[in-house]
Amino acid sequence: MKMLPYSNFTAEEIDGYIRSVKPEQVKRSLSQAEHKFTDFLHFISPAAADLLPEMTEVSARIKRRHFGNTVRTFAPLYISSYCMNNCVYCGFRKSYDYPRRRLSFDEVLNEARIIRDMGHESLLLITGEDAKISPDFTADLIRVLKNDFAYINIEYYPMTEPSYRKLYEAGCHGLTIFQETYDPELYPSFHPSGPKANYQFRLNALAEGGKAGFYNLGMGALLGLNPNWRLEASNMAVHGLWIRKHFWKSHPQFSFPRITPTKWGYNVPAPLSDHDLEQMILAFRLAFHEADLILSTREKPEFRLRMAESAVSHLSAGSQVDPGGYQDHLDGKNLGQFSMNDQSSVEQVCAGIRKHGMVPVFKDWDRSFQ
Ligand code: SF4
C-alpha cells in the first residue's frame with residue numbers, strides 16, 4: 001500500500017510506527033488538549049485497541065464541546081441506478097442485468113416531498129455514474145429543492161471545478177466523494193472498468209469542489225476492502241488534513257461506510273469488526289475535534305446511537321437506498337444499492353437519540369446571503 005502523494009511518509013514508515021506505539025503513548029496523547037497527526041496514529045494503533053473506554057471518555061467530551069448534545073439527521077435521495085462503472089461490491093454495477101431506474105425531474109421532487117414530510121431539512125442527492133444526470137439537470141433540481149430544504153449535499157460521480165461551481169451557485173453547499181480505498185494498488189481490482197477506474201481523477205475531485213466553494217467537503221473509504229484498515233484510516237486522515245490546509249474555508253467531513261451485502265451477494269475481502277470500526281471513529285473524533293463524523297443506516301441502531309454519544313455528529317434516518325425508494329416504501333416495495341442494518345423510521349431514530357439523552361436536529365443551516 002502507498003500513502004497519498006501529499007503524505008510526508010511512506011506506508012512502511014506509517015505502518016511501522018503504528019505498530020510500534022505503546023499504551024503509554026496513547027494515554028499521553030489522550031491527556032493533551034490538542035491532537036496532531038502523530039496522536040491520530042497513536043489512537044488507531046493496536047496498542048489503543050484495549051483503551052477504547054478511555055478514548056470514549058475523552059472523545060465524548062470533545063464531541064459535547066463542539067456539538068453540544070445534538071445529533072444532526074439527514075436523508076439520502078437516490079436519483080439513478082444506471083451506472084457506467086463496475087465496482088465489484090455494488091448492487092448498481094453495470095454488469096448486473098436487471099431493470100434500472102432513472103427518476104425524472106418530477107419524480108425526484110416527489111421523493112423529496114416524501115422526505116420533507118418525514119421531517120428532514122437536510123438532503124443528500126446521490127446517483128451512480130449516469131451521464132443523463134448531468135450537472136445542469138442537477139442544478140435545476142437544486143434551485144427548486146432549496147425552497148424546501150435548508151441544506152443540500154451531493155454524492156455524485158467526480159466532476160471538475162466548473163461543473164461543481166454550477167451546483168454550488170444553484171444552492172448546493174456540500175460535496176461528498178468516497179475514495180473507497182486510498183490504496184492505489186488495490187483500487188483497480190475493485191474498480192475494473194468505467195470512469196471510476198481513474199483513481200487520481202476521483203482523488204482530485206474534493207479539491208475541485210473546494211475550489212468551487214463548497215462549505216462541506218466529505219470523504220470516506222469503503223470499509224472492508226483494505227485488509228490494513230489502520231493504513232486506510234491514516235490515508236483518510238492525511239486527505240482530511242490536506243483538504244483542511246488548502247481549503248480552510250471549507251469544513252471536512254468523514255464517513256465510515258462499512259460494506260453490507262447486496263442482493264447479488266459479495267464476499268467482503270477484509271471485514272471490519274465493530275471494535276475496529278469503533279476505534280477508527282473515536283480516533284477521528286479525537287484528532288479532528290470539529291469535523292462532522294457521519295454514520296449511515298448500514299450500521300445497527302444500537303451501534304449508531306452508542307457512537308453518536310461518543311463521537312458521531314450526523315446520522316441518516318429513515319433512509320431508502322434505491323431511486324424511487326421512498327415512494328416504493330409507501331407502496332410496500334423495496335430494492336436498494338446495499339442492505340441496511342437500521343430500517344428504523346425517522347420517529348424511531350429520533351426516539352432512540354432522545355432516549356440516549358441527546359437531541360435530534362433537523363436543521364443546522366441557514367442561508368443568509370442568498
Ligand atoms: S459504487 Fe457508485 S460508481 Fe460504483 S457501481 Fe455503484 S453506483 Fe456505480
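Above this text you will find the structure in question.
As the structure is a computational prediction, the values presented were derived from the model and not from experiment. (Residues numbered from 1 in each chain as written. Predicted model: local features only at pLDDT ≥ 70, side-chain atom pairs only at ≥ 80, totals over all residues. Heavy atoms only, no water.)

(A) The arrangement of the nonpolar core in detail. Core analysis: the largest hydrophobic core is formed by 101 residues, its most contacted members being F40, L125, Y164, F256, I281 and F284. When residues in this core are grouped by element, the largest group, eight residues, is from helix 11 (residues 274–287). In contact with F284, other than residues within four places in its own chain, are F40, A233, M236, A237, F254, F256 and L293. (Core = buried A, V, L, I, M, F, W, Y, C linked by side-chain atoms within 4.5 Å. Buried < 20%, exposed > 50% of the residue type's maximum accessible area, 1.4 Å probe, protein only. Helix = DSSP H or I, 4+ residues; strand = E, 2+ residues; numbered from the N terminus. Contact = heavy atoms within 4.5 Å.)

(B) Spotlight on the site of the ligand. The environment of the ligand is made up of nine residues, and the closest members are C83, N85, C87, C90 and K196. Taken together, the residues of the shell around the ligand break down into four nonpolar, three polar and two charged. (Near = heavy atom within 4 Å. Nonpolar A, V, L, I, M, F, W, Y, C, P; charged D, E, K, R; others polar.)

(C) The packing of aromatic side chains, seen in detail. By the definition in use, this model includes 14 aromatic pairs. Seen from their ring centres, F105 and F137 are 5.9 Å apart, and the 90° between their planes marks the pair as edge-to-face. In this pair, F105 sits in helix 5 (residues 105–117) while F137 sits in helix 6 (residues 135–145), placing the two residues 32 residues apart along the sequence. Ring centres 5.5 Å apart and planes at 65° place the aromatic pair F256 and F284 in the edge-to-face group. Here F256, found in the loop between strand 6 (251–255) and helix 11, pairs with F284, found in helix 11; they are 28 residues apart in sequence, far enough to count as distant. Residue F256 is classed as buried on the basis of its relative accessible area, which comes to 2%. Aromatic ring contacts, followed pair by pair, group F37, F40, F254, F256, F284 and F288 into a single cluster. Across the ring face of F303, the terminal group of R258 is positioned such that the distance to the ring centre comes to 5.8 Å. (Phe/Tyr/Trp six-rings, centres within 6.5 Å; stacked < 30°, edge-to-face > 60°. Lys NZ or Arg CZ within 6 Å of the ring centre and 35° of its normal.)

The values are spatial; any link to function lies outside them.
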